[in-house]
Amino acid sequence: MSTHNRTRISGIGVSTGTAHGPAVFVVPAAGFNADESSSTDPEADGQRIREVLQAVADGLRARAEGASDSAKEILEATAGLATDRGLIRGVDKELKKGSGVTRAVHDAVEKFAEKLRKLGGYMAERVTDLYDIRDRAISRLLGLPEPGLPELAEPSVLIAVDLAPAETATLDPDQVRGIITSAGGPTSHTAILAAQLGIPAVVKASEIYDVVSEGDTVALDGGAGEVIVAPLDDDLTELAERAARREAALAGSEGRGMTRDGYPIKLLANIGTADDARKAASFDLEGSGLFRTEFLFLGRDDAPSVEEQTATYTEVLKAFGDRRVVVRTLDAGADKPLRFADLGEEENPALGRRGLRLSMVREDLLDAQLQALANANAATEADLWVMAPMVATVDEARWFADKARGFGLERVGVMVETPAAAIRSEQVLSEVDFASIGTNDLSQYTMAADRMQGELADLLSPWQPAVMAMVQATCIGGGKADKHIGVCGEAGGDPLMALVLVGLGVTSLSMAPTKVTAVRAALKLHDHATCRAIAAQALAAPTAEKAREAALAMADPIVKDLL
Ligand code: PEP
Ligand code: MG
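Small disclaimer: the values here were computed from a predicted structure and weren't measured.

## Things to note about the overall build of the protein chain
What the protein chain contains, in helices and strands, is 24 helices and 16 strands. In terms of overall size, the protein chain behaves like a compact globule, its C-alpha atoms giving a radius of gyration of 24 Å where 563 residues would be expected to give roughly 24 Å. Over its C-alpha atoms, taken along the principal directions, the protein chain stretches across nearly 70 × 60 × 40 Å. Among the 563 residues that make up the protein chain, the fraction classed as buried is 55%. Within the protein chain, contacts between residues at least 6 apart in sequence are counted, and of these 69% link residues at least 24 apart. As presented, the protein chain carries roughly 22800 Å² of accessible surface, and 50% of it is formed by carbon and sulfur atoms. Distance between charge centroids for the protein chain: 3 Å, based on 58 positive and 84 negative side chains.

## As for the side chain of Asp561
Inspection of the secondary structure assignment puts Asp561 in helix H24 (residues 558–562). When its relative accessible area of 15% is taken as the criterion, Asp561 is described as buried. Of note is the side chain of Asp561, whose polar atom sits 3.0 Å from the side chain of Arg245. With residues near it in sequence (within four places) discarded, Asp561 still touches Arg245 and Arg246.

## A word on helix H21 (residues 516–524)
With seven of its nine residues buried, H21 lies for the most part within the structure. Within H21 the residues assigned to the buried category are Val516, Ala518, Val519, Arg520, Ala521, Ala522 and Leu523. Residues of H21 that are buried make contact with helix H9 (233–250), strand E9 (266–271), helix H20 (495–504), strand E16 (508–511) and H24.

## Side note on the domain arrangement of the protein chain
In terms of domains, the protein chain is made up of domain 1 (7–27 + 148–235), domain 2 (42–141) and domain 3 (250–562). Put simply, the middle of domain 1 and the middle of domain 2, counted by C-alpha atoms, are 26 Å apart.

## Here's the deal with the site of ligand 1
Around ligand 1, 13 residues are found, and the nearest of them are Arg292, Arg328, Glu417, Asn440 and Arg451. For ligand 1, an oxygen atom lies 2.9 Å from a polar atom in the side chain of Glu417. Between ligand 1 and Arg451 there is a distance of 2.8 Å, counted from an oxygen atom to a side-chain nitrogen or oxygen. Coverage of ligand 1 by the protein amounts to 97% of the 290 Å² it exposes when considered alone.

## Considering the coordination of the magnesium ion (ligand 2)
Working reference: metal with six octahedral donors, ideal angles 90 or 180 degrees; metal with four tetrahedral donors, ideal angle 109.5 degrees. Protein coordination at the magnesium ion (ligand 2) comes from Glu417 (OE) and Asp441 (OD), with a distance range of 2.0 Å. Here Glu417 is found in the loop between strand E13 (411–416) and helix H15 (419–423), whereas its partner Asp441 is found in helix H17 (residues 439–447), with 24 residues between them in sequence.

## Things to note about the side chain of Asp276
Along the chain, Asp276 turns up in helix H10 (residues 274–281). Although Asp276 is buried, it makes no salt bridge; Lys279 carries the closest opposite charge, 5.0 Å away. Of note is the side chain of Asp276, whose polar atom sits 2.8 Å from the backbone nitrogen of Gly272.

## Remarks on the nonpolar core
With 94 residues, the main nonpolar core has Leu338, Trp463, Leu499, Val500 and Leu509 as its most contacted residues. Beyond its immediate sequence surroundings of up to four residues, Trp463 is in contact with Met468, Asp494, Leu496, Met497, Val500, Ala538, Ala544, Ala547, Arg548 and Ala551. Judged by nonpolar contacts, the second largest core, of 33 residues, contains Ala57, Val91, Leu95 and Tyr131.

## Some words on helix H13 (residues 363–379)
Taking 1.5 Å per residue as the helical rise, H13 with its 17 residues ought to reach 24 Å, and the 24 Å between its terminal C-alpha atoms agrees with that figure. When we look at burial in H13, the residues that qualify are Leu365, Leu366, Ala368, Gln369, Leu370, Ala372, Leu373, Ala374 and Ala376.

## As for the packing of H10 against helix H11 (residues 306–319)
When two helices pack together, their arrangement is given by the angle between the helix axes and the distance between those axes. The contact between H10 and H11 brings their axes to 8 Å, and the two run at 5°. By the angle between their directions, the pair H10 and H11 is classed as roughly parallel. Residues Ala274, Ala277, Arg278 and Ala281 of H10 pack against Glu315, Val316 and Ala319 of H11. Tallied by class, residues from the contact of H10 with H11 come to five nonpolar, no polar and two charged.

## Structural notes on the pattern of salt bridges
Enumeration over the complete set of coordinates arrives at 32 salt bridges. With a closest N to O distance of 2.6 Å, Glu146 and Arg140 form a salt bridge. Classification of Arg140 as partly exposed rests on a relative accessible area of 36%. Between Arg451 and Asp441 there is a salt bridge, with the nearest N and O atoms lying 3.1 Å from each other.

## Thoughts on the environment of Ala518
With respect to the secondary-structure elements, Ala518 resides in helix H21. Residue contacts for Ala518: discarding those within four places in its chain leaves Arg246, Leu250, Pro495 and Leu562.

## A word on the sheet that holds strand E15 (residues 484–487)
Strand order in the closed barrel formed by eight strands is E9-E10-E11-E12-E13-E14-E15-E16, and the pairing between neighbours is parallel. Mean inter-strand twist for the sheet, computed between neighbouring axes without regard to direction, equals 25°. Where E9 lies against strand E10 (residues 287–292), three bridges are found, and the strand directions are parallel. In the strand pairing of E10, Asn270 is matched with Leu290. Each of strand E11 (324–328) and strand E12 (383–388) is contacted by H13, which is oriented at about 170° to E12, the strand it contacts most. The sheet strands contacting H21 are E9 and E16, and the helix crosses E9 at an angle near 160°.

## Let's talk about unusual backbone geometry
Despite not being glycine, Lys204 shows a phi value in the positive range, around 55°. With respect to the helices and strands, Lys204 occurs in the loop between strand E6 (201–203) and helix H8 (208–211). Even without a glycine there, the phi angle at Ala230 is positive, about 50°. We classify Ala230 as buried; its relative accessible area is 13%.

## Quick notes on a positive patch on the surface
A contiguous patch of positive charge on the surface is contributed by Arg85, Arg89, Lys93 and Lys115. The leading source of residues in the positive patch is helix H3 (residues 85–96), at three residues. By the secondary structure assignment, Lys93 is in helix H3. We classify Lys93 as exposed; its relative accessible area is 59%.

Definitions and limits used
- Residues numbered from 1 in each chain as written.
- Chains lettered and ligands numbered in written order.
- Predicted model: local features only at pLDDT ≥ 70, side-chain atom pairs only at ≥ 80, totals over all residues.
- Heavy atoms only, no water.
- Helix = DSSP H or I, 4+ residues; strand = E, 2+ residues; numbered from the N terminus.
- Rg over C-alpha atoms; globule rule 2.2 N^0.38 Å.
- Buried < 20%, exposed > 50% of the residue type's maximum accessible area, 1.4 Å probe, protein only.
- Contact = heavy atoms within 4.5 Å.
- Areas by Shrake-Rupley, 256 points an atom, 1.4 Å probe, with all protein chains shown as cover.
- Lys, Arg positive; Asp, Glu negative; His and termini not counted.
- Charge placed at Lys NZ, Arg CZ, Asp CG, Glu CD.
- Polar contact = N/O pair within 3.5 Å; in protein donor to acceptor, adjacent residues only side chain to side chain.
- Domains from an automatic or database assignment.
- Near = heavy atom within 4 Å.
- Donors = N, O, S within 2.8 Å, 3.2 Å for Na, K, Ca; no water.
- Salt bridge = Lys/Arg side-chain N within 4 Å of Asp/Glu carboxyl O.
- Core = buried A, V, L, I, M, F, W, Y, C linked by side-chain atoms within 4.5 Å.
- Expected span 1.5 Å × (residues − 1).
- Axes fitted to C-alpha atoms, helices over the stretch in contact; angles between N-to-C directions.
- Parallel < 35°, antiparallel > 145°, perpendicular 65-115°, else oblique.
- Nonpolar A, V, L, I, M, F, W, Y, C, P; charged D, E, K, R; others polar.
- Pairing = 2+ DSSP bridges.
- Patch = residues over 30% accessible without salt bridge, like charges linked within 9 Å, V, L, I, M, F, W, Y side chains within 5 Å.

Right, dumping it as structure tokens:
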């Protein structure tokens, strides 16, 4: 029975589709016990916490068994964090200072989280995992059930502040009709994984906890970012109509991507693991435009061997048959530190020795990776393209191209993620065969706004005219150098933004595989000249919001149903 009147709120739609069902809250964390007494035996208490952390790690590992590859990696990485020596040392320190057990866990985690936050990027993202561990450990210490996803009795809509990656990765799309979070942003784990699983999701619906109670019917539109608590029959009818219109708009969206007048636009999948590759390959798409290989390297004590890498790359390439696979070489460094390639602490990790800069210092890592790629290429039929992340100069592009070609790799490119590479793209591209624009980082560096900071989402929007101008500059330079330009950031999966990108001169788009159908349908409705006109209008707009409005006003009205 609903305890609330009909209420409509909005957030950011991050995974399209409409859904409704009973609201189920993700079990909240207990928080530390403010009344507990100080530790009188830090040694024994330390031992007890170690056992609890080990139990938390074991629980996560048990869930990893039987989970998909990508879920497994996330769960195992979180489990590894639970028994991290640094964390345990921190706990001992807090106990010696006299904290009780739950307080010690809480404070040690907070200090550890602060360190990760300072590192920024990937490591900052791990803070969510760390808090997940803290909450599980504290609940165990208090003798309470672990927080997180409850068993679902019927298909439901999950409500959470934010989902820990470990939680999102193990969601069953048959049981979870939709996800609504009060926090998070468009590039959060919740968003990326929900889109990958095809579960409609709205993030940053900040008022959700004020307007919904457990068991209320809640409806959502994961494209429009709309949430309705206690919806009326009319609301459900409207949502169903929207879903039907969307389905109709998507019907017949198959085959190669192209504009209405037949201008080919390759539609590709972003992947991170061999399991992703197999899943993506089963979709109607033309290959992978971004294989984030760093997943193979993170959270390990030593580098994967050439043999191990060869085996994984071979699996990935095989999955796609003779389709294109664009492999990005190791994108690690300051923001995604590798234990075996530690270059020391940096003040500003996002501006530090990351991406290709790390590979230039640790050539051995890049050599092993390129050798493994060459091996996999020789063993399969795939059309292998290889590109370097975070390139800023012509020299870097040349250095990478020489090296990759030295291993017999024929299609060599760079990612355009820095304004430096965008505005000098003709020169940069003259050294390589292609470029792929990473709009996530390009937005971050163009707008000087940390991509991990949810509050800066507006600045980070690819609709920012300055970001679109960077894409335009890249395409103009690419045109002069007669080189192919693709996009592999999140922007490529937005059907409306896709029209703008194509209008600016992009010829391939890579995205979560579930987004391909909508993007293909949007492209099919427009001639290339119309895409160019839409791009010109968007670029001429004074703000990101007006740019989007202008594009929407010019696009075929059906595009609205695809968002
Ligand atoms: C990007 O920056 O847009 C990109 C695709 O790379 P990542 O998100 O992995 O940094
Ligand atoms: Mg990037």
